[in-house]
Amino acid sequence: MTLMQPHDSIPYNPDIANVFYRAGYIETWGQGIQKICDECTALGAELPKYEIIGTVFPSA
């Protein structure tokens, strides 16, 4: 899996995600990385490199 391909975005803590949404800090869950990359492209900057260490999704 790579963050730049379609994937499920599951908040680790839905309650905290909802607080950030209601406060206006996020528009929808799972859009942030794409927005960062779009802005880098628009500015002519290199895309950021992401390194995931450990578990990406919480255990079900």
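Residues numbered from 1 in each chain as written. Predicted model: local features only at pLDDT ≥ 70, side-chain atom pairs only at ≥ 80, totals over all residues. Heavy atoms only, no water.

**Side note on the overall build of the chain**
Here is the rule: Helix and strand assignments come from DSSP, with helices taken as H or I runs of at least 4 residues and strands as E runs of at least 2, each series counted from the N terminus. Partly exposed residues are those whose accessible area sits between 20% and 50% of the maximum for their type, while under 20% is buried and over 50% is exposed, using a 1.4 Å probe and protein chains only. For this analysis, residues touch if any pair of their heavy atoms sits within 4.5 Å.
Of regular secondary structure, the chain possesses two helices and zero strands. Burial analysis of the chain (60 residues in total) assigns 5% to the buried set. Here the analysis covers contacts within the chain between residues at least 6 apart in sequence; of these, 36% occur between residues at least 24 apart.

**Quick look at helix α1 (residues 14–23)**
Counted only if it meets this: By the criterion applied in these results, polar contacts are pairs of N or O atoms within 3.5 Å in which, for protein atoms, one can donate a hydrogen and the other can accept it, and in which residues neighboring in sequence qualify only through two side-chain atoms.
The distance from a side-chain oxygen at the start of α1 to the backbone nitrogen of Asp-15 is 3.1 Å, and the residue carrying that oxygen is Asn-13. Phi for Gly-24, located one or two positions after α1, is positive at around 90 degrees.

**Re the state of the cysteines**
Selection criterion: In plain terms, two cysteine sulfur atoms within 2.5 Å form what is called a disulfide here.
Applying the stated rule across the entire model yields zero disulfides. The thiol of Cys-37 is unpaired, and the distance to the nearest cysteine sulfur, on Cys-40, comes to 6.2 Å. Judged by its relative accessible area of 3%, Cys-37 is buried.

By themselves these figures say nothing about function.
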